[in-house]
Amino acid sequence: MEASFSAYDRQTVWDAMRTLDLDLLVIGGGITGAGILLDATTRGLQAALIDMQDFAAGTSSRSTKLVHGGLRYLKQLEIGLVAEVGKERAIVHGNGPHVTHPEWMLLPIYRGGTYGRLTASFGIRLYDYLAGVKRTERRKMLSADETLQREPLLRPDGLLGSACYVEYRTDDARLTIEVLKEAVARGGLALNYVRCDQLLFENGTIAGICATDVLTGAQGELRARVVVNAAGPWVDEIRELDGSKSGKQLHHTKGVHIVVDRRRFPLQNPVYFDVPDGRMVFAIPRDGKTYIGTTDTDYHGDLAHPDIHLADQQYLIDAVNHVFPTVHLGIADIESGWAGIRPLIHEEGKSPSEISRKEEIFVSPSGLITMAGGKLTGYRKMAEKAVDLCCRRLSQITGQTYPPCQTAHVPISGGHYANPSDYEASIEAAVRDAGRIGLSPTDARQLASRYGTNTGHLFHLVQTRPTDGAAASLPPAVFAQLAYAIQAEMACTPLDFFQRRTGALLFDIDLVHHTKAAVVQYFAEQFHWTEADRAARQRELDDAIAAATGREPSPVQSAVPALDARIDAETAADTPAHEVVK
């Protein structure tokens, strides 16, 4: 079959997964699993991937949204980690300039703070060297006056100066989706909402899984010569199915971020600053908002729906007001936020912030390969290590040889520019064409920035389906993104669209409120949902809005009141209650 990443073709992809002779099956559709699928397909393996939720629904849509080497890891003397992932930044940016953007980060230096001028200068210079930072992006040391000129909101008392260095801001969920789209375009198979129920064994060796399509209830066996467990926070649960959860195990920690309107916190630069308890926090401008994070606390709750507590929010508000004293942020200024789970490898006696972010690979007696730990930035190298191991295992089984990793030079979907520098020129070209296409310059810029070399597909939708957008009561740019998300990015629910295909739930909550009814209705029409289905998906979206904003969801009124009780029963397992912070 010709590979497809369309929500309309889920049944065809499911049938193919159940019938094909797979070399590799990946459990987990976050950035690690996506990277493994792309690496495997570029080496010629017949590979497939599943996730029990939407792609990137776990940690891979809930990070600080930076592709960075991690200055903090240098402080912890993790020299090898800094060198490896620092160099990976340039590769990730080169392969997908539309989802990774270099920005100058300000590190203010205060008397008695984490870094002094000498240690900051030496540390970042060493960081530049280890990470192979290009000359134009190497660190600059600024005086106190120069620092305040660059960022006037900083507290002047005790300010000694700052270090200015380059980090790469990303859209973590879209990075994951674009990697998956490229893998599928190269012959891989990927399905969201498919749950691994059991592992299959032949003579004590893992041979596949028993799986359930959560959206349809269909069950089947997916067989593969090699199975990789890349389930992020859930890897230990898969190891339990394998009977191999022994030795090293995961240590879950929670990181919370909050989003405020940039008019309330008009930050001019991304800033990485000290918090009174000795940690450091980011404040980063994005799309008319400023987001702040992260916290770092032990977590033992629901892995799929980590909650945001008032204490988490207050910690970040206090951190901002300490370093930016004229801002006077309050809880009421928070528009949205997110909580994510870090699947770290437990180290006895260490606090959450002290635990290493380094990845490890475990191979069980049955042959199950588990990838645990790691960082967003290092996803490609993590995938390379995992697929190298898979290829060695496959060579033992088939007698074939497989080529080495090629992904250092493989653009991801949307990143197919002759040169990464062409990205900026393509945005300006899109803005110039906005009127002819039927878009505002602002909308054209947003689409070109978000979708890269795939922007033409969305412009085509705007031009060829204007009546469809009008019938759906959606603005042209929103309709184009919605239609594209379903057709080309396997968005199956309104939450998939608002949270992981566009990021609107986090950075444009007003748009979500204004268009959610129309988006839910469009999904219902496209997939012939029953009233119970529609109401359940509406409630799922409202619960997510409540979790992000800390506000009670609006009651869902069924068009058929007699269905209400049945809807409650049918959807209880899929719509867990979130703690609402008031």
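Residues numbered from 1 in each chain as written. Predicted model: local features only at pLDDT ≥ 70, side-chain atom pairs only at ≥ 80, totals over all residues. Heavy atoms only, no water.

**Points about the packing of aromatic side chains**
Here is step 1 of the chain: Inspection of every chain in the model, using the stated rule, returns 14 aromatic pairs.
Here is step 2 of the chain: Through successive ring pairs, a cluster of aromatic residues spans Tyr 8, Phe 523, Phe 527 and Trp 529.
Here is step 3 of the chain: Across the ring face of Trp 104, the terminal group of Lys 140 is positioned such that the distance to the ring centre comes to 4.5 Å.
Here is step 4 of the chain: Above the face of the Tyr 110 ring, Arg 155 is positioned so that its terminal group lies 4.3 Å from the ring centre. (Phe/Tyr/Trp six-rings, centres within 6.5 Å; stacked < 30°, edge-to-face > 60°. Lys NZ or Arg CZ within 6 Å of the ring centre and 35° of its normal.)

**A word on the confidence of the model for the protein**
Here is step 1 of the chain: Per-residue confidence for the protein gives a mean pLDDT of 90, with 90% of residues at or over 70.
Here is step 2 of the chain: Note on residues 554-582: pLDDT is under 50 here. Beyond four places in sequence and across chains, it has 46 contacts. (pLDDT = per-residue confidence, 0-100. Contact = heavy atoms within 4.5 Å.)

**Looking at the environment of Ala 7**
Here is step 1 of the chain: With respect to the element layout, Ala 7 can be found in the segment before α1 (10-19).
Here is step 2 of the chain: Residues Ala 7 and Glu 489, 482 residues apart in the sequence, show an inter-C-alpha distance of 7.3 Å.
Here is step 3 of the chain: Other than its neighbours up to four places away in sequence, Ala 7 contacts Ile 486, Met 490, Ala 491, Cys 492 and Phe 527. (Helix = DSSP H or I, 4+ residues; strand = E, 2+ residues; numbered from the N terminus.)

**Let's talk about helix α8 (residues 235-242)**
Here is step 1 of the chain: Those residues of α8 that fall on the buried side of the exposure criterion are Val 235, Asp 236, Ile 238, Arg 239 and Asp 242. Take α8 and look down its axis: the buried residues cluster within an arc of 155°, on one side only.
Here is step 2 of the chain: In the core, the buried residues of α8 are packed alongside β1 (22-27), β8 (194-202), β10 (219-229), β11 (250-261), β17 (360-363) and β18 (369-372).
Here is step 3 of the chain: Of the residues flanking the end of α8, it is Gly 243, one or two places downstream, whose phi is positive at about 70°. (Buried < 20%, exposed > 50% of the residue type's maximum accessible area, 1.4 Å probe, protein only. Arc of directions from axis to C-beta.)

**Focus on empty space enclosed by the protein**
Here is step 1 of the chain: Overall, the coordinates contain 4 cavities of 30 Å³ or more when judged by the stated rule.
Here is step 2 of the chain: Empty space within the largest cavity amounts to approximately 60 Å³.
Here is step 3 of the chain: As for the largest cavity, its lining consists of Ser 61, Lys 65, Asp 171, Asp 172, Ala 173, Arg 286, Gln 499, Gly 503, Leu 506 and Phe 507.
Here is step 4 of the chain: Of all elements in the fold, only α7 (172-185) and α18 (504-507) reach the threshold of two or more residues within the lining of the largest cavity.
Here is step 5 of the chain: Taken together, the residues of the lining of the largest cavity break down into 3 nonpolar, 3 polar and 4 charged. (1 Å grid on protein atoms, 1.4 Å probe; cavity = no way out; pocket = protein on both sides within 12 Å on 5 of 7 lines; lining within 4 Å. Points joined across faces, edges and corners; volume = space filled by probe spheres on them. Nonpolar A, V, L, I, M, F, W, Y, C, P; charged D, E, K, R; others polar.)

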